[in-house]
Amino acid sequence: MGTSAVALGALPLIRATELRAQSANAVFRHGVASGDPLADRVILWTRVTPKSPAGSTPVSWQIARDPKMAQVVSRGELQTGAARDFTVKVDVSGLDPGSVYYYRFESMGGRSAIGRTRTLPASGINRIRLGVVSCSNLPQGYFNAYACLARRADIDAVLHLGDYFYEYANKQYGDGTKLGRIPAPDKEVVALQEYRERHAQYKADPDSQEIHRQHPFIVTWDDHEFANDTWSGGAQNHNPDQGEGDWYVRRAAAARAYFEWMPIREDAQTLTPRVYRTFRFGDLLTLFMLDTRVVGRAEQVERDDVAGLEAPGRSILGMAQEHWLAGEFEAAVRAGGVWNVLGQQVMFAPQSEAGTASRNADSWDGYRAARERMFDTIEESRLGNVAVLTGDVHSSWAYDLPRRPFGGYDAATGKGSLGVELVGTSVSSPTSLGSGPDGAKQLADLRATRPHLRYVDGSYRGYFVLDLTRERLQADYYSVATIFDRSTEERFARGFITESGRNHLTDASSPAAPDTAPDPAP
């Protein structure tokens, strides 16, 4: 059913269907998930709905080699309770590398749906396929990008690059009234219980449940898991004088709820909320997941404050993360992997010339000295085949990454480029890029003034698939047909290839062929 077919008379049926899907399993109504796979282990997650808000609840788990759960390889039991909002997280070890597993939970006489997950390969891998998503805003529309990716059984993992949910009240950034998708609670979330309730609402969405059930996730946060335009010491819409309290109390609440509700491995050794970490897919891919928001970002400056934009002491990662990343680059070079991919939040490519105003001071373009240090680190470590993956801007972009795109770079050959950047559109959040009567001119001007820009399109919502072999990296952008009805209709929008050793994007005439796939979760 297309968007034109949505009628007010049908809306109660849509809402009723959604409520039935959410409440079909009285104990495990928020589904199951897995994440942070390594070669020998993976995180399994669920949440039980307790009969009483007090006390503790036992939960058992099983993981098997087959979707019928006949070949169980490990099992266990643990307790959960109100201290963790009745969420459950198990770090299952002793698994075989590069293997598909199936898992489920039991508690209070109920049994969860069966989920599917994968461990990372240890060696000898020749192909990896990753789904890449960001910016899922429940009141703006349905998560059809999730539904489409859930159907791709050959995806090895899904990368979520932030804005997993939005913190706003209804009508502040999207009106979910007609679709029965009003944010809960219907206010800007500030306190721990409010962040928990917002996570719970997003996890109750059936398309969110299905993509988590079928694929392991590797996640990082952006700003809206906390508050708009977060930096280490505050946020654009955090207002203590309006009763929103101390920033660090709010930040701690948001981080705690995130670790409770997301299938991410927790670091009990650090006092700050840390999500930057590294994943190694055999000798084919090293994936560095970054935090450009919470632990080290200096406060944003105005876009025309050139001195602030270029101030040498400002960082978007923080010095501790910068030093960590330099060490990880050196280790990756020693290990000898083919591709080096950074999963992070905001646009990295230069968008304006040095000494001029920034188009987006919330991106790396607002932290130019930090970007120069990143380029220095890439060159000094001799890190090759670099690809930066980005979300945040609700539109699709593809760049070469030269230090000096406005001079000393050859757009035809990519000479001078140190890597590539692939920016994915949103799952459901809107954009104004390229819209309106001047939209075509806006896009043409962007392409004309950025010689390293290979592609920009803000007209669709969707995701991209990153397909890596030893010879090339290919990014295939997919557009969903609508976000105003549940649908798995999609189209291939555009594809780009960078060959190993080139650091330069060229057009792909067609999407990479699907790989052989194991059985989906039943």
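Residues numbered from 1 in each chain as written. Predicted model: local features only at pLDDT ≥ 70, side-chain atom pairs only at ≥ 80, totals over all residues. Heavy atoms only, no water.

> What is the right way to look at the pattern of salt bridges in this model?
If the charged atoms of two oppositely charged side chains come close together, the side chains can form a pair. Under the definition given, this model contains 40 salt bridges. When the shortest N-O distance is used, the salt bridge between Asp36 and Arg277 registers 2.9 Å. One end of the pair, Asp36, is in the loop between β1 (32–35) and β2 (42–47); the other, Arg277, is in strand β12 (residues 277–281), and 241 residues separate them in sequence. The buried category is assigned to Arg277, whose relative accessible area is 12%. Residue Arg196 pairs with Glu260 through a salt bridge whose shortest N-O separation is 2.8 Å. One end of the pair, Arg196, is in helix α3 (residues 192–204); the other, Glu260, is in helix α5 (residues 247–261), and 64 residues separate them in sequence. Per residue, the accessibility class of Arg196 equals that of Glu260, and both read buried. It is possible to trace a salt-bridge network through shared partners that takes in Arg127, Arg129, Asp154, Asp467, Arg472 and Asp515. (Salt bridge = Lys/Arg side-chain N within 4 Å of Asp/Glu carboxyl O. Helix = DSSP H or I, 4+ residues; strand = E, 2+ residues; numbered from the N terminus. Buried < 20%, exposed > 50% of the residue type's maximum accessible area, 1.4 Å probe, protein only.)

> What is the right way to look at the packing of aromatic side chains in this model?
Two measures describe an aromatic ring pair: the distance that separates the ring centres and the angle between the ring planes. Using the criterion set out here, one finds 23 aromatic pairs in the structure. Here Tyr455 and Tyr477 contribute two aromatic rings whose centre-to-centre distance is 5.4 Å and whose plane-to-plane angle is 65°, an arrangement assigned as edge-to-face. Separated by 22 residues along the polypeptide, Tyr455 in strand β18 (residues 453–457) and Tyr477 in strand β20 (residues 472–480) bring together distant segments of the chain. For Tyr455, a relative accessible area of 5% translates into the label buried. Owing to a relative accessible area of 1%, Tyr477 belongs among the buried residues under this scheme. An aromatic cluster of three or more residues is present, and its members are Phe143, Tyr146, Phe165, Tyr195 and Tyr202. For Arg152, the ring lying beneath its charged end belongs to Tyr478, and the centroid distance is 4.3 Å. Sitting above the plane of the Phe143 ring, Arg181 keeps its charged end 5.0 Å from the centroid. (Phe/Tyr/Trp six-rings, centres within 6.5 Å; stacked < 30°, edge-to-face > 60°. Lys NZ or Arg CZ within 6 Å of the ring centre and 35° of its normal.)

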